Amino acid sequence: MKARTLPALGGFALGSLALTLVLAAPAVAEPVEISISCGALGVELKLCTEGVRAWEKKTGNKVEVVSTPNSSTERLALYQQVLSSKADDIDVLQVDVVWPGILASHLIDLKPYMGDDPKGHFPALIENDTIDGKLVAMPWWTDAGVLYYRTDLLKKHGFEPPATWAEMAKAARAIQKAERAAGQDGLWGYVFQGRAYEGLTCNALEWVDAFGGGAIVDGEGEITIDNPRARQAMAAAASWIDDISPKGVLNYDEEAARGVFQSGNAVFMRNWPYAWSLSQSVDSPVKGKVGVVALPKGGADGKTTGALGGWHLAVSRYSKHPKEAADLVKFLTGESEQKRRAIEGSYNPTIVALYKDADVLKANPFFGELFDTFENAVARPAAVAGPFYNRVSSAFWTAAHEILAGQAKPGPRLQALEGELKQIKRRGRW
Ligand code: GLC
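One structure accompanies this document, and this report is about it. (Residues numbered from 1 in each chain as written. Predicted model: local features only at pLDDT ≥ 70, side-chain atom pairs only at ≥ 80, totals over all residues. Heavy atoms only, no water.)

**A word on helix α19 (residues 389-404)**
End to end, α19 covers 22 Å across 16 residues, agreeing with the expected 22 Å (1.5 Å per residue, within 8%). Here α19 has its buried residues at Y389, V392, S393, A395, F396, W397, A399, A400, H401, I403 and L404. Those residues of α19 that are buried lie in contact with α3 (72-84), α4 (100-103), α9 (198-210), α10 (228-240), α18 (382-385) and α20 (410-428). G406 lies just past α19 and shows a positive phi near 75 degrees. (Helix = DSSP H or I, 4+ residues; strand = E, 2+ residues; numbered from the N terminus. Expected span 1.5 Å × (residues − 1). Buried < 20%, exposed > 50% of the residue type's maximum accessible area, 1.4 Å probe, protein only. Contact = heavy atoms within 4.5 Å.)

Written as structure tokens, this is what we have:
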């Protein structure tokens, strides 16, 4: 076997005196080669690669950047395949905030490598990443669903940013009608993520939460989805299809929705913060015409909301270079990288102090205005469902998709969903 560092070899072969001498000399580590998987939505891959190159320069190690599918659902399937075969293909994995419970058994404990870093992050995220006492991931950026709107169109037609979903639908309908009559045939009122995947779970959870219908499963693990407010929320969303939202929205992910909005063809869009910096890029047709607010309430007694999303970094148990991989995680999730990513790509930091950073706030005015939305974002039931979360989510998005597509009515479908979730709960024993 090839020796990788002098201290390891010396310590093993020469006993304690020699070990002391070897350790006292500067460790000349031979460079290693590792790999990291990154997402590729918008500028994600570019920002990841730039961060990785900076670490290579600092350490002399080499990193292969592997791009992964845009859909969180497809990415999870890919990771499960790689990890269940114990393959060492990917050392550092970009993991969704809802996966630590699903992937924990394949990930190393990062605590020994992170020093005091975890203390600077939102405590809820560190808690999210701590499974059975092990820190299996480090937060990289956080997400909450927000509402984008066209400032020019709302102003022109005399609307304020909507406080309720009914106000959103009313403004969307009126503006769509007037603008189409004036010749903009392709304009739609509202675009969101309606494809049957994890993104729809986030959207539908937001509707249900906004109407006061809970979060699918409550903190005690009780299934709560079959309730009148959830039915009302789902009925409202279903009524948008083919009225203010194109039928094609049933196949939209984040990038499809952004494509329509950024090319000037939608009044409102639900998306994550990353869409902000892209909408303001030099070649964006809607540059200077976009506002961002919290997602609307269900009604006067509902609440503004936003699903908690975000991506974290983890190290595979099957990595041959866990130390270097963990060091890359420490570097990428550290303050200077998070600041750069916030300014260049509107990725919300997970380090609390950066929300007081003048450069970050200048690039993303809504980070300050919506701080409460980010801090109080509604979590998907990943902590309680643990390894069973993906089954819960898939049952939920399937039901939501059928309701949106008009294949099922909210009442009976949510009742059936409650039954399906109870079965998953029995199997998951939570
Ligand atoms: C965003 C979120 C992530 C979520 C995904 C759904 O990437 O950060 O948490 O699962 O969207 O599409």
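**Digging into unusual backbone geometry**
The backbone phi angle of K86 is positive, close to 55 degrees, even though this residue is not glycine. Secondary-structure assignment places K86 in the loop between α3 and β3 (92-96). Assessed through its relative accessible area of 54%, K86 is described here as exposed. For I216, which is not glycine, the phi dihedral falls at a positive 75 degrees. Mapped onto the elements of the fold, I216 is located in the loop between α9 and α10. Classification of I216 by relative accessible area gives buried; the value is 2%.

**Re the sheet that holds β3**
Strands pair in a sheet through their backbones, by hydrogen bonds, and they do so in one of two ways: parallel or antiparallel. If you walk across this open sheet you meet the 5 strands as β2-β1-β3-β11-β6, and the pairing is mixed. The sheet terminates laterally at β2 (62-67) and β6 (138-144), the two strands that pair on one side only. Strand-to-strand twist across the sheet, computed as the mean angle between neighbouring axes with direction ignored, equals 20 degrees. Where β6 meets strand β11 (residues 308-315), 6 bridges bridge the pair, whose relative direction is antiparallel. Looking at β11, one finds that A144 is bridged to L308. The strands touched by helix α2 (residues 44-59) within the sheet are β1 (33-38), β2, β3 and β6, with β2 carrying the most contacts at an inclination of about 170 degrees. (Pairing = 2+ DSSP bridges. Axes fitted to C-alpha atoms, helices over the stretch in contact; angles between N-to-C directions.)

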